[in-house]
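As a plain string of letters, each chain reads:
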Amino acid sequence: MIMKSSVPIVALIVLVVPRVQAFMSVGGSGNTHVTITGHAVMAKLHEVCEAVAESKGRQFDPTGSSPEELLHACLGRATGEVSGAKFRTALNQIYMQNGFVDRDFMASAPHHFNNEAFTEGRNLIIQGTAAIKANVRTGNFKSARETLGRVCHTLQDFYSHSNWVELGNKSPYANLIRPDLNIENIADIAMPTCSECASGPNQLLPAILNGKHLTSGYMVLFSPNKPQGKCSHGGEADLSSTLKPRSGISKDERSYNADLHNNAVNLASEATLELLEDIRGAIGNKDYLRLMGIARSAVLAFVIDTTGSMANDIAEAKRVAFSIIDSKKGTTDEPSLYILVPFNDPDFGPLIRTTDPDIMKSEISKLNANGGGDLPEMCLSGIQLALTGAPSSSHIYVFTDAPPKDTYLEKTITALIRSTKSTVSFFITTSSRRRRALNAPSQFRGYYDMGLASGGQAIVVTKSRLSLATEIIVDTSTSALVTILQRSRNPGCVESFSFLLDKSVSNTTIYLTGRSLTFNLRSPAGVSQSNTVANGTLGTIQEVGNLQRIQLNETEMGLWHIDMMTTQSYTIKVIGQSAITFISEFVKEFKGPHPGYAVVNGQPSAGSPAKLLLTLTGENGPDGLEVHEVALMEVSGVKVSNGTIEKMGGGDFLVTVKEVPEGEFVILLKGKDKTFSSLFQRQTTTQMSQSKVTVKAIADSSMLPGQVFKLNFTVTTNGPSGSYTICARNDKNIPMKHPLTLNLEGGSSAQGTVSLTPPADMVSGTDVTLTIEAEGPGGNYSNYAVLRLSVLSKVTDLTPPKCEIVYVQGTCYSSSCNSSNWELSVSITDGNGTGIESISIQQGSGNLTQKKVADSVNGQYEASCCSTSVTLSAVDKVGNVGRCSYTMKSSAGSCLISMSLPLWASLLLYVFLRDTFHL
């Protein structure tokens with residue numbers, strides 16, 4: 001869909017690529033699925049943020065229209081930095097999946113409402129919406145976002161690809177998102193729908209228009225074919241448009257009929273808003289904001305060994321967690337999510353995920369050190385749960401004193417780290433018994449490698465000094481955290497590293513890991529401090545175990561240097577706090593009716609240029625920032641591959657790198673903050689590498705509990721011929737079957753199938769992360785695909801709760817709203833449905849009390865006359881939504897009372913409600 005919208009939408013985001021039709025969030029002009037979705041998402045967010053602010057009694061006043069400024073206003077103006085990176089990441093997860101429909105389901109009629117596949121297309125919307133609501137109920141927001149993007153695409157295509165606009169409809173078709181209603185009056189397969197037209201769009205037959213029959217164009221990509229007399233979709237890619245009746249009825253572009261195109265855009269926009277409103281009503285304002293990525297950015301995630309020797313470590317983890325929770329409450333650094341994964345041997349888990357700090361405290365307090373026996377423990381299984389359960393780009397802290405028993409998960413963990421871009425830091429404690437039993441460098445090698453691959457630390461420290469090492473948790477469990485430099489050397493060498501600090505950076509900290517390290521730190525002004533000076537002019541150096549932590553006294557703008565003078569292996573990392581940062585994805589161009597760029601699931605391919613989609617973000621959006629340089633830089637080497645930069649608009653850039661480094665690399669960005677004329681430097685932490693093998697898999701449906709789910713995947717290689725080892729794992733231990741090997745010829749592909757059978761009692765909405773790995777002959781290279789699948793029970797309750805206003809009373813004067821209140825009473829029923837799950841205030845700042853009476857729920861809402869509008873949302877147990885809305889009118893002097901019953905009946909009902917709610 002390429003559409004030009006005339007709908008005025010608050011906080012407009014233009015997120016389109018030239019030549020990218022209906023795809024990603026980058027530059028260009030015109031209307032695509034991404035711009036339509038982006039407009040609706042931001043407009044609904046503005047509405048929800050305003051409602052939340054009203055309920056908390058504060059002003060909602062964005063300083064501008066950028067996502068970052070909306071984020072600031074929505075969270076409130078608490079002290080400290082707020083980064084837009086996670087918000088932008090969440091939005092891109094929606095927008096990118098929206099575009100994937102054109103790549104992955106190009107020939108699927110239901111996904112685009114082509115070929116009169118109305119019932120099937122509507123089923124995709126209904127099932128997808130049910131999955132979104134179930135995912136949110138179980139805290140699986142990423143899966144919900146991805147499904148939302150796909151559903152929006154299909155919903156919007158209805159208005160461009162069908163004749164809904166030609167039939168004279170001025171509002172969206174509610175039946176598409178209402179599971180209790182069906183698609184009506186679809187043209188029969190034998191019914192002709194279009195007449196031949198020499199040029200321009202197909203002409204709909206009078207019988208279709210007069211009879212209000214619903215039809216859509218046929219889209220054929222591979223051979224010209226369609227039922228006789230049927231309309232075509234149209235366009236160069238549609239081979240059916242060469243058959244009479246020729247041309248097409250698609251309103252994707254303005255070239256055929258500008259008015260029909262604009263009307264289709266308007267209706268698609270309104271329909272998307274209605275879908276978002278339905279989801280909002282089902283999940284509530286708080287979870288709706290979390291779904292859209294609006295939350296404090298810090299996440300506190302612990303993976304803790306609970307075997308017998310870990311008593312002191314558990315006590316320290318408890319102390320640090322409690323300190324962070326208590327000290328950061330009410331600040332921008334207050335964690336938005338808490339995660340805890342205990343592991344022992346042979347048990348691990350469960351994953352505990354909560355937004356309530358008191359629940360986190362309680363769960364950590366329950367941990368006890370016991371069991372174990374042999375030294376290796378199930379550490380990697382615990383890390384796997386944390387990586388799949390935490391949001392992307394989280395910081396995860398692992399406490400253990402033993403090497404892993406489940407080493408078979410090492411490649412899976414690496415794939416999950418690269419997929420989620422999360423950072424894993426290890427606190428490896430040692431005791432005299434374990435020091436005698438272990439050869440630490442070799443036994444713990446996997447932890448060192450994982451920490452380095454994720455941009456984290458592997459800190460080896462005695463149990464007695466563990467409390468000194470955990471300062472790193474306080475440093476990194478903060479909002480607006482950025483990495484400025486990260487390097488590794490093994491073996492070490494005498495070398496000087498430079499890093500640029502800008503005006504926006506605060507709380508700069510340097511970490512060095514390694515033994516017997518000697519170094520010299522130099523400021524832009526030429527002031528030096530060596531490693532032998534613990535408290536110097538430039539900063540405070542604290543050494544514990546193999547870690548040296550340097551906290552700068554102040555962040556002096558300019559180019560800093562750290563001169564390493566050692567042959568021991570070491571790592572360097574420089575972090576700080578700043579709203580200026582970037583997010584990035586490797587992408588690959590795809591062809592078809594709507595070409596575009598799709599995110600690479602795995603590592604970029606070897607032997608070809610790499611393309612990066614990069615989004616820059618700052619405190620007030622990207623307008624005050626410039627990008628000067630983007631490069632791929634080896635972490636353990638010196639090779640730097642510079643990219644060519646194409647500005648796309650909206651803070652988005654397409655970067656092409658002709659030669660990808662052969663070793664592990666990170667992305668380095670340099671630019672300028674125009675507000676302060678300050679140069680800045682930022683770097684990703686997750687290490688990537690190129691590969692000669694790729695793995696591709698597509699999932700667009702949910703798994704049913706107790707039933708076999710089959711997923712096809714394709715492995716492609718530009719490496720040598722031979723047997724490729726296949727390994728598939730999921731984080732819920734669902735029984736699976738898959739081929740152990742695939743035989744490939746060089747430059748060819750082979751297909752395999754993974755079969756999963758979720759337990760019959762698995763909770764609806766459960767998120768399952770599936771990792772499929774392929775390794776080439778000899779183990780010289782490998783790649784992976786990471787997919788998120790949802791388990792969704794079949795929904796049989798299709799009817800929303802019924803909400804009726806039964807009584808309104810109060811006196812509201814326009815001259816003085818603070819001195820008076822008004823009340824509203826509602827009755828909510830669910831008939832023979834699954835029952836009422838919750839009743840909440842969707843808009844309004846009053847108080848709601850509720851009481852179950854027989855087969856209904858009575859609600860009593862009371863508010864100040866300063867807040868005269870209310871919307872109550874009633875949700876049943878499968879996510880169907882019923883609403884009551886009311887606006888109380890103000891008067892200069894007289895009392896206005898609105899009742900939906902006769903006066904005598906209202907008075908009797910008031911007596912009943914008074915006794916019920918003890919008024």
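Residues numbered from 1 in each chain as written. Predicted model: local features only at pLDDT ≥ 70, side-chain atom pairs only at ≥ 80, totals over all residues. Heavy atoms only, no water.

A.B. asks: Please give an account of the sheet that holds strand E36 (residues 821–829) that cites residues and values.
C.D. replies: Pairing is antiparallel in the open sheet, where four strands are placed in the order E35-E36-E39-E38. Two strands in the sheet have a free side with no partner beyond their single neighbour: strand E35 (802–810) and strand E38 (847–853). Sheet twist, expressed as the mean angle between neighbouring strand axes with direction ignored, is 20°. Relative to strand E39 (residues 856–864), E38 runs antiparallel, the two sharing seven bridges. Residue pairing for E39: Asn 847 is matched across the bridge by Glu 862. (Pairing = 2+ DSSP bridges. Helix = DSSP H or I, 4+ residues; strand = E, 2+ residues; numbered from the N terminus. Axes fitted to C-alpha atoms, helices over the stretch in contact; angles between N-to-C directions.)

A.B. asks: So what about the side chain of Thr 581? Which residues, and what values?
C.D. replies: Of note, Thr 581 is situated in strand E18 (residues 581–590). When sequence neighbours within four positions are dropped, the list of residues in contact with Thr 581 reads Ser 83, Ala 85, Val 482, Thr 615, Leu 616, Thr 617 and Arg 682. (Contact = heavy atoms within 4.5 Å.)

A.B. asks: Report on the state of the cysteines, specifying residues and quantitative values.
C.D. replies: For the structure on display, the rule yields five disulfides. Note that Cys 812 is cross-linked by a disulfide to Cys 865, the S-S spacing being 2.0 Å. Across the S-S bond linking Cys 812 and Cys 865, the dihedral sits near -75°, which makes this disulfide left-handed. Of this pair, Cys 812 sits in the loop between E35 and E36 while Cys 865 is found in the loop between E39 and strand E40 (869–876), placing the two residues 53 residues apart along the sequence. There is no split in this pair, since Cys 812 and Cys 865 are both buried. Residue pairing for Cys 817: its cysteine sulfur links by disulfide to Cys 866, the two sulfurs lying 1.9 Å apart. Taking the sign of the S-S torsion, about 80° here, the bridge from Cys 817 to Cys 866 comes out right-handed. Of this pair, Cys 817 sits in the loop between E35 and E36 while Cys 866 sits in the loop between E39 and E40, and the two are 49 residues apart along the sequence. You can call Cys 866 partly exposed: its relative accessible area is 41%. (Disulfide = S-S within 2.5 Å. Buried < 20%, exposed > 50% of the residue type's maximum accessible area, 1.4 Å probe, protein only.)

A.B. asks: I'd like a description of helix H5 (residues 118–137), backed by residues and values.
C.D. replies: Residues spaced three or four apart along an α-helix face the same direction, because each turn holds 3.6 residues. In this model, H5 (20 residues) spans 29 Å end to end at C-alpha, consistent with the 28 Å of a helix rising 1.5 Å per residue. In terms of burial, H5 is a largely internal element, 14 of the 20 residues being buried. Immediately downstream of H5, the backbone of Gly 139 shows phi near 80°, a positive value. (Expected span 1.5 Å × (residues − 1).)

A.B. asks: Mind laying out the sheet that holds strand E29 (residues 722–730), listing which residues take part and the relevant values?
C.D. replies: Reading across the sheet, the four strands line up as E31-E29-E33-E34 and stay open at both edges, with antiparallel pairing between neighbours. Single-partner strands in this sheet number two, and they are strand E31 (741–744) and strand E34 (782–790). Pairwise comparison of adjacent strand axes, ignoring direction, gives a mean angle of 25° for this sheet.

A.B. asks: Pulling in residues and values, what's your account of the pairing of strand E41 (residues 881–887)?
C.D. replies: In the sheet, E40 pairs with E41 via seven bridges, with the strands oriented antiparallel. Its bridge partner lying in E41, Ala 874 is registered against Gly 882. Hairpin connection, E40 to E41: the antiparallel pair is bridged by four residues, and Gly 879 has positive phi, about 100°.

A.B. asks: Give a detailed account of unusual backbone geometry, specifying residues and quantitative values.
C.D. replies: Following Asp 345, the chain continues to Pro 346 via a peptide bond in cis, the omega torsion being 15°. Within the secondary structure, Pro 346 is located in the loop between strand E4 (337–343) and strand E5 (352–354). Along the chain, Gly 349 connects to Pro 350 via a cis peptide bond; the corresponding omega equals 5°. By secondary structure assignment, the location of Pro 350 is in the loop between E4 and E5. Although it is not a glycine, Lys 212 adopts a positive phi angle of roughly 55°. Relative to the assigned elements, Lys 212 resides in the loop between helix H7 (206–210) and helix H8 (258–291).

A.B. asks: Any details on the nonpolar core? Residues and values, ideally.
C.D. replies: Membership of the largest hydrophobic core comes to 59 residues, with the highest contact counts inside it found for Leu 45, Leu 148, Phe 158, Tyr 159, Leu 176, Met 292 and Ile 294. Elements with a minimum of two residues in this core: helix H1 (33–55), helix H2 (67–75), helix H3 (85–104), H5, helix H6 (141–161) and H8. Setting aside anything within four residues of it in sequence, one finds Ile 294 in contact with Leu 45, Cys 49, Leu 71, Cys 74, Leu 75, Phe 87 and Leu 289. In this structure, Leu 385, Ala 386, Leu 416 and Val 627 belong to the second largest nonpolar core, which totals 50 residues. (Core = buried A, V, L, I, M, F, W, Y, C linked by side-chain atoms within 4.5 Å.)

A.B. asks: Now, about H3: what can you tell me, with residues and values included?
C.D. replies: Compared with the 28 Å implied by 1.5 Å per residue over 20 residues, the 27 Å span of H3 between its first and last C-alpha is a close match. The buried fraction of H3 amounts to 18 of the 20 residues, a majority that puts the element mostly inside the structure.

A.B. asks: I'd like a description of the packing of helix H9 (residues 311–327) against helix H10 (residues 357–365), backed by residues and values.
C.D. replies: The geometry of H9 relative to H10 is characterised by a closest axis approach of 10 Å and an angle of 170° between their N-to-C directions. Relative to H10, the element H9 lies roughly antiparallel. Between H9 and H10, the contacting residues are Lys 318, Ala 321, Phe 322, Ile 325 and Asp 326 on the first element and Pro 357, Met 360, Lys 361, Ile 364 and Ser 365 on the second. Class assignment of the residues belonging to the contact of H9 with H10 gives a composition of six nonpolar, one polar and three charged. (Parallel < 35°, antiparallel > 145°, perpendicular 65-115°, else oblique. Nonpolar A, V, L, I, M, F, W, Y, C, P; charged D, E, K, R; others polar.)

A.B. asks: Would you mind going over the environment of Val 795 in detail, with residue names and values included?
C.D. replies: The topology assignment puts Val 795 in the loop between E34 and E35. Beyond its immediate chain neighbours, meaning those up to four positions away, Val 795 contacts Ala 130 and Val 878.

A.B. asks: Account for the pairing of strand E25 (residues 665–673), with residues named and values stated.
C.D. replies: With respect to burial, E25 is a largely interior element, seven of its nine residues being buried. Alignment of strand E21 (residues 625–634) against E25, held across nine bridges, turns out to be antiparallel. From the neighbouring strand, Leu 632 faces E25, where its bridge partner is Ile 667. Pairing of E25 with strand E26 (residues 678–683) involves six bridges; the strand directions are antiparallel. Among the inter-strand pairings, Gly 671 is bridged to a residue of E26, identified as Phe 680.

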